[in-house]
Amino acid sequence: MVKPQTIPESPHRAKKRKLLESYASESPFLNFPHPTPSEAVAVFNILSEAHPQYATRRTSPKLTTNSAATCGNVSNVIDSLIGTILSQNTSGRNSSRAKASLDAAFGRNNFSAIAKSPRDAVVEAIQHGGLANKKAATIQNLLKSIKERHGEYSLQHLAEMGKDGKQVSNEELMKELTSYDGVGPKTASCVLMFCLGRDSFAVDTHIFRLSKVLGWVPSSADRILTQAHLDRMLPAKLKYGLHVLMIQHGRTCQGCKKSESSTPCILKDFVKENKLSASALNKE
């Protein structure tokens, strides 16, 4: 096996690494008590009842699955990363078309061909997904960095047991994945959840918005700190299901898309009822 090489960190990578290391063992909001386990269970139950059509149990990754259409639910780690990158800032339909086109142009998981091709060829293959120039650069740079560091186009060591019979820890997985430019905490967490079967909690724009609605993070929290906080606070067994349900609810509920909306929302009702209950208890 080729010995992994140490690649100098870019300033952006160094900033990501320091941020992740800072909150690997504790929340960025140490004195913020929400969500409690009971609040997480209550929201999971409410959303499960409202959206019964969505599976909240993890399914095993499949080799033939379109990684962009399934949030990276495939067995190959690099394929999962590429599919997740293609799904950024676009619809599922567009990202799925972009991934299918990429596979048709270069062959499924032919990472060497993608890395060595002219940039324009990759851009053309993924143009259906939006931001094609940026995503093509991210994918090609990612593949080249992996080859430089590990001597091959593979990250399957992240999915394997070590010599001591133990899995790579979630913290080490996040550290490795986010060390590549273009791979942020959300993308890395999706790979952990959907490809590697880990209990992780990725925060996209929908989940970020709903977390503010629910009062699960301080109003000043950004999306990265929200993910760091919720990954520490949510019960492990609920992370996958809550991720799926919160995204689906965020996409479909008109009442929680804008804070001033008068359209009914089951999560806003839950928050209101909790406040009334807490007020009643305080008066007793």
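Residues numbered from 1 in each chain as written. Predicted model: local features only at pLDDT ≥ 70, side-chain atom pairs only at ≥ 80, totals over all residues. Heavy atoms only, no water.

Under an unreviewed UniProt entry, the name given to the protein chain is DNA glycosylase, and the source organism is Lentinula boryana.

Draft legend 1. Geometry of the overall build of the protein chain. In terms of regular secondary structure, the protein chain is built from 13 helices and zero strands. Taken from N to C terminus, the helices and strands of the protein chain fall in the order α-α-α-α-α-α-α-α-α-α-α-α-α. Contacts in the protein chain between residues at least 24 apart in sequence constitute 65% of all its contacts with a sequence separation of at least 6. Roughly 14,600 Å² of accessible area belongs to the protein chain as shown, and the carbon and sulfur atoms make up 52% of that amount. (Helix = DSSP H or I, 4+ residues; strand = E, 2+ residues; numbered from the N terminus. Contact = heavy atoms within 4.5 Å. Areas by Shrake-Rupley, 256 points an atom, 1.4 Å probe, with all protein chains shown as cover.)

Draft legend 2. Looking closely at the pattern of salt bridges. One pass over the structure, following the stated rule, counts six salt bridges. Where Asp79 meets Lys99, a salt bridge forms, and the shortest distance between an N and an O atom there is 2.9 Å. Of the two residues, Asp79 sits in helix α3 (residues 77–86) while Lys99 sits in helix α4 (residues 92–106), which places them 20 residues apart along the sequence. One exposure class covers both Asp79 and Lys99, and it is buried. Close ionic contact of Asp103 with Lys99 constitutes a salt bridge, the shortest N to O distance being 2.8 Å. You can see Asp103 and its partner Lys99 sitting in helix α4, four residues apart, about one turn around the helix. The exposure classification of Asp103 matches that of Lys99, with both residues buried. If you follow the salt bridges from partner to partner, you end up with Asp79, Lys99, Asp103 and Arg108 in one network. (Salt bridge = Lys/Arg side-chain N within 4 Å of Asp/Glu carboxyl O. Buried < 20%, exposed > 50% of the residue type's maximum accessible area, 1.4 Å probe, protein only.)

Draft legend 3. Region of interest: empty space enclosed by the protein. Taken as a whole and judged by the stated rule, the model has one cavity of 30 Å³ or more. In terms of lining, the largest cavity is formed by Asp79, Ile82, Lys99, Leu102, Asp103, Gly107, Asn109, Phe111 and Ile114. Elements represented by at least two residues in the lining of the largest cavity include exactly α3, α4 and α5 (111–116). Among the elements that make up the lining of the largest cavity, the one with the highest residue count is α4 (three residues). Grouping the constituent residues of the lining of the largest cavity by class yields four nonpolar, two polar and three charged. (1 Å grid on protein atoms, 1.4 Å probe; cavity = no way out; pocket = protein on both sides within 12 Å on 5 of 7 lines; lining within 4 Å. Points joined across faces, edges and corners; volume = space filled by probe spheres on them. Nonpolar A, V, L, I, M, F, W, Y, C, P; charged D, E, K, R; others polar.)

Draft legend 4. Quick peek at unusual backbone geometry. For the bond running from His34 to Pro35, omega is -5 degrees, close enough to zero to count as cis. You can see Pro35 is positioned in the loop between α1 (11–22) and α2 (37–50). Residue Asn89 is not a glycine yet carries a positive backbone phi of 55 degrees. By the secondary structure assignment, Asn89 is in the loop between α3 and α4. A positive phi angle, near 50 degrees, is found at Leu131, a position not held by glycine. Along the chain, Leu131 turns up in the loop between α6 (119–125) and α7 (132–150).

Draft legend 5. Structural detail: helix α12 (residues 236–252). The end-to-end C-alpha separation of α12 is 25 Å, in line with the 24 Å expected for 17 residues at 1.5 Å each. Remark: the principal bend of α12, roughly 30 degrees, maps to Leu242. (Expected span 1.5 Å × (residues − 1). Bend = angle between axes of the 7 residues up to and from the residue.)

Draft legend 6. Geometry of the packing of aromatic side chains. For the structure on display, the rule yields one aromatic pair. In this structure, Lys147 is placed above the aromatic ring of Tyr153, and the distance from its NZ or CZ to the ring centre is 5.9 Å. (Phe/Tyr/Trp six-rings, centres within 6.5 Å; stacked < 30°, edge-to-face > 60°. Lys NZ or Arg CZ within 6 Å of the ring centre and 35° of its normal.)

Draft legend 7. Molecular detail of the confidence of the model for the protein chain. With 85% of its residues at a pLDDT of 70 or more, the protein chain shows a mean pLDDT of 87. Contacts for the low-pLDDT stretch residues 278–284, under 50 throughout, to residues beyond four places or in other chains number zero contacts. (pLDDT = per-residue confidence, 0-100.)

Draft legend 8. Fine view of the environment of Thr56. If you trace the backbone, Thr56 turns up in the loop between α2 and α3. Sequence-wise, Thr56 and Leu242 are 186 residues apart; in three dimensions their C-alpha atoms are separated by 7.6 Å. The residues contacting Thr56, other than those within four sequence positions of it, are Phe44, Tyr240, Gly241 and Leu245.

Draft legend 9. Spotlight on the state of the cysteines. For the structure shown, the criterion picks out zero disulfides. For the unlinked cysteine Cys256, the closest cysteine sulfur is that of Cys253, found at 3.7 Å. Using a relative accessible area of 1% as the deciding quantity, one classes Cys256 as buried. (Disulfide = S-S within 2.5 Å.)

Draft legend 10. Inspection of the packing of α3 against α7 at higher detail. Where α3 meets α7, the closest approach of the two axes is 10 Å, and the angle between their N-to-C directions is 160 degrees. The orientation of α3 with respect to α7, classified from their angle, is roughly antiparallel. Crossing handedness for the pair α3 and α7: right-handed. Contacts between α3 and α7 involve Ile78, Leu81, Ile82, Ile85 and Leu86 from the first element and Lys135, Thr138, Ile139, Leu142, Leu143 and Ile146 from the second. Broken down by class, the residue content of the contact of α3 with α7 amounts to nine nonpolar, one polar and one charged. (Axes fitted to C-alpha atoms, helices over the stretch in contact; angles between N-to-C directions. Parallel < 35°, antiparallel > 145°, perpendicular 65-115°, else oblique. Left-handed = near helix turned anticlockwise from the far one by under 90°.)

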